[in-house]
Amino acid sequence: MSENTMPDNTMSEQTQGDVPAYEPNSIEPGIAARWVEDKAYELEGELDDDTYYALTMFPYPSGDLHMGHVEIFSIHDALVRQKRMLGLRVFNPFGWDAFGLPAENAAKKRGVDPAAWTYANIEQQADSIKRLGFSFDWSRRLHTCDPEYYKWTQWVFLQLFDNELAYRKEAMVNWCPGCQTVLANEQVIGGRCERSDDLVVRRPLTQWFFRTTHYAQELLDALPTIDWPDRVKLMQRNWIGRSEGAELSFRTADGADDVPVFTTRPDTIFGATYFVFAPEHPVVARRMADEPGYEAFIEEVQLRSEIERQATLGSGQIAKRGLRLNFDMVNPFTGENIPAYAADYVLMDYGTGAIMAVPFGDQRDFEFAQANGLEIRAILAPADGGDPAAADPTTMTEAYTEYGIVTNSGDYDGLSTADAKNKIMDDLEAKAWGKRTINFRLRDWLVSRQRSWGPPVPIIHCETCGPQGVPVEDLPVRIPADLNYQVDGSPLAMHPTWKFVVCPLCGGEGIRDTDTLDTFVDSSWYFLRFLSPNDNTMPWPKDAANAMMPVDQYTGGVEHAILHLLYARFVVKALRDIGHFTASEPFNALLNQGQVILNGSAMSKSKGNLVQPFEVVDLYGADTTRATILFASAPEDDIDWADVSPSGMYKWLGKLWRQTMIEIAASANTDVADHTGSAEAVEKLRRAVHTRIAAITDDYAKHKFNTVIAKLMEIANSAREAAAAGVHGAAQREALESLLLMLAPIAPFITEELWSRLGHEGSIHSQIFPVADPALLVKSSTTIVVQVNGKIRARLTVAVGLSAGDTERIAREDDNVAAALAGVTVKNVFHVQDRLLNFVV
RNA sequence: GCCCGAGUGGCGGAAUGGCAGACGCGGAGGACUCAAAAUCCUUUGUUCGAAAGGACGUGUGGGUUCGAGUCCCACCUCGGGCACCA
């Protein structure tokens, strides 16, 4: 390469008149269309053990994509594209969680067909996703509202029904007046509906449940086996809420009823000075039926509890009111008669619905006892060092919840709390008064909804045969096309003819169940349907399920921590036990992205603070939009759109574009295998590139896309510096091409375009991710820090591998170090190889 | 109230117990331009100093360590989860 064929670099960077401009919106749409036409990301061949299953939470089609979608798909796509470049066969399907209330609300308010509304939104989102270049496998697309899909949702329901994991019962359930339907416990947030924010009321209704409690222990035990964020695992652990204790019975004073209670503190039983039932407890209901005031009390409690819950949220103070019952109970250990109460602080659906009240050791009982003038009996003394006044009923101001030494408890006096617990439980079991028990906070999942835009519960009710599953050959039970959505209540239930059928067992009169399944049922198994979304003969092939499950990498929002993510785990365990595959968990690894917010608060239509993704895309292109999001912070952190700078990212991509174009021009008529520039400058550039390749590979593995981009910027800076020093040709191309390859998962369009302009055939996205040359990672010299008493006195460049003695000798030659050491005695010297030397004086 | 998590420049954020502030945004100055935009270059934690150089600095107070943004204890603030769970 001769000097005069090389354009002067400074000149070309300043003029750049001959370099085509970076115009993302003129190149991106064509490339996006080509990827779809070429079926570039459709996986061919078998779904086998070697296939990597990547999945992102499928969206609900409420309108066009919002920023949150663009964020999660940008994270997911960067991850997926990089995995492909590492040589993995990646299965990356996509679909829509398309059943839900907004479609039904649109139908009710505006008279549109919910299906038409839904599919129109889906098409709009699909177009946007393609425009943004997300590399999903479109051949596996599914929508949960397709009859071809919900046929199998109904089949899943029937599998659980046939195996006694789906059942119907009357229970006090959460009713949302706004949505006109019942809700699962997981959908009630702070007493309000997760969707509409209406105050939820409690009603007794007969509903369908999935027996999630059957798997409570396994759902808890398996948490350590999955690679999920600790935060999510902790939320599930708390939601499942396992507690160990004892169940034992108290007898009524008249000897007629035995009433079981659950306690985690059997050691405090001698302090049980009264007894409390949940207001609706059956024993209370029977014995109090004729008492004046009982009915009123029940009503008052139900009304009051909701209001008080709201009024006292966050205060930690809840008034405890109760009703003295017309009978007493007997404490089995003391033999004493103790008064019985009904009070709303005891819940019917936790434990046994009744408690032994120990005001000394439980804050709620303490408050209730004070309010009602009941005895507070000390049954524990603080261990050494404790404050005796805190455990003295005459002076204590709150319950004594610490452990200590048992007192006033007969034979158990003098034992520690832990020993007394064990001994009392041993004795309970020996006397057959009770047994060791484990209680869970988790309840069964209520799955039926009084709505119509969802899969109808595939059950036919028969007066003689009871509820019967719809035979598989009759699935799907379709939503009728002629529903009237303008009615109050459930359109499906009010259809004049739909529900009248014959019983599949006896052939007599049958009535369809008019409820539909919760949308979370749809999404609790969709990752299985992706394995064969177009096969109408089975839900999924067992072989493929065994090979592919669990999903290797799942990405999505933390808002589903105890909803979707818990339900999917339950459904997989249930289907495993029924025999449909061997996997025990749906998602092996989980990445939770943060939220996109604006000026500190969540974006929402009602607040009018939405940033529409396409405002950004239309201005700067998809690459800039994607890279801006990934550069703003680590994926798990929230992004405040007020703080991010798409224009900054756009500038950088433009700079990279020009830099690459200039190099293409600079090396146009030369042999790119050769390079110009000094050997030192070339080596410096190559070292910079290869150390970054190693670091970036690492950052990708940790999903730290923000530092990936920072290091790519460093390569660009090094390459520009080298170009200014006259380095062109092979070393410069190596730098730029490595950069483009490593940027490709993040900004797929500009890298594709520049890759081809650099003269390469084929897509950059089917290349192999760069590998660092180990030889270029070995340094010959390094900068060490010399400290005196931990304060930095000098930075010296020395050869690597120096001994402590040699390093010290060189360090002492430095003027600054010598000055700091003058007149003092060095007591010790710490040496960290190739990094640091610390004189302790 | 209980349980998690987090506090680093004007801003977003980097930092296997070993050079705090990588990378970028924003700011300042300059080059190019008739001018502006775009682009390029320099500079940018605070403070003392003409400079060389020094001091201070990761929410607060202690501690461990030769050495702490990083580990431990207490507290403050913010964010999240749960909320009468016996």
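About the thresholds
Residues numbered from 1 in each chain as written. Chains lettered and ligands numbered in written order. Predicted model: local features only at pLDDT ≥ 70, side-chain atom pairs only at ≥ 80, totals over all residues. Heavy atoms only, no water. Helix = DSSP H or I, 4+ residues; strand = E, 2+ residues; numbered from the N terminus. Buried < 20%, exposed > 50% of the residue type's maximum accessible area, 1.4 Å probe, protein only. Areas by Shrake-Rupley, 256 points an atom, 1.4 Å probe, with all protein chains shown as cover. Lys, Arg positive; Asp, Glu negative; His and termini not counted. Charge placed at Lys NZ, Arg CZ, Asp CG, Glu CD. Near = heavy atom within 4 Å. Polar contact = N/O pair within 3.5 Å; in protein donor to acceptor, adjacent residues only side chain to side chain. Nonpolar A, V, L, I, M, F, W, Y, C, P; charged D, E, K, R; others polar. 1 Å grid on protein atoms, 1.4 Å probe; cavity = no way out; pocket = protein on both sides within 12 Å on 5 of 7 lines; lining within 4 Å. Points joined across faces, edges and corners; volume = space filled by probe spheres on them. Pairing = 2+ DSSP bridges. Axes fitted to C-alpha atoms, helices over the stretch in contact; angles between N-to-C directions. Contact = heavy atoms within 4.5 Å.

Caption draft 1: Structural view of the overall build of chain A. Looking only at helices and strands, chain A has 27 helices and 34 strands in total. The dimensions of chain A, computed from C-alpha atoms along their principal axes, are 110 × 85 × 50 Å. Residues counted as buried form 54% of the 841 residues belonging to chain A. Working note: accessible area of chain A is about 36200 Å², and carbon and sulfur atoms make up 50% of it. Once the 77 positive and 115 negative side-chain charges of chain A are each reduced to a mean point, those two points are 2 Å apart.

Caption draft 2: Highlighting the environment of Gly178. Mapping Gly178 onto the fold places it in the loop between strand E5 (166-176) and strand E6 (181-183). Given the relative accessible area of 47%, Gly178 is considered partly exposed.

Caption draft 3: Expanded view of the protein's contact with RNA strand B. In the region of RNA strand B, 51 residues are neighbours, and Thr264, Tyr350, Arg364, Ala632 and Arg835 sit closest. The protein-proximal atoms of RNA strand B, defined as those within 4 Å of the protein, are 64% sugar or phosphate. Lys791 places a side-chain nitrogen or oxygen 2.9 Å from a phosphate oxygen of RNA strand B. Ranked by residues supplied to the surface near RNA strand B, first place goes to helix H22 (residues 705-724) with six residues. For the surface near RNA strand B, the per-class residue count stands at 20 nonpolar, 14 polar and 17 charged.

Caption draft 4: View of empty space enclosed by the protein. This model, assessed by the stated rule, comprises three cavities of 30 Å³ or more. Lining the second largest cavity we find Glu71, Ile75, Ile629, Leu630, Ser633, Ala634, Pro635, Ile639 and Phe705. When the residues that make up the lining of the second largest cavity are grouped by side-chain class, the tally is seven nonpolar, one polar and one charged.

Caption draft 5: Quick look at the sheet that holds strand E26 (residues 551-557). Ordered in space as E2-E1-E26-E27, the four strands form an open sheet in which the pairing is parallel. A single partner strand is all that each edge strand has here, and the edge strands are strand E2 (89-91) and strand E27 (587-593). On average, each strand axis in the sheet is tilted by 25° relative to the strand beside it, whichever way the strands run. Pairing between strand E1 (residues 51-56) and E2: three bridges, direction parallel. Looking at E2, one finds that Thr51 is bridged to Arg89. Across the sheet, helix H17 (residues 564-578) touches E26 and E27, and the angle it forms with E27 is around 170°.

Caption draft 6: Representation of the environment of Asp113 in the model. Tracing the sequence through the fold places Asp113 in the loop between helix H4 (101-110) and helix H5 (114-131). The class of Asp113 is partly exposed, set by a relative accessible area of 44%. Here the alpha-carbon distance between Asp113 and Ala103, two residues 10 residues apart in the chain, equals 8.1 Å.

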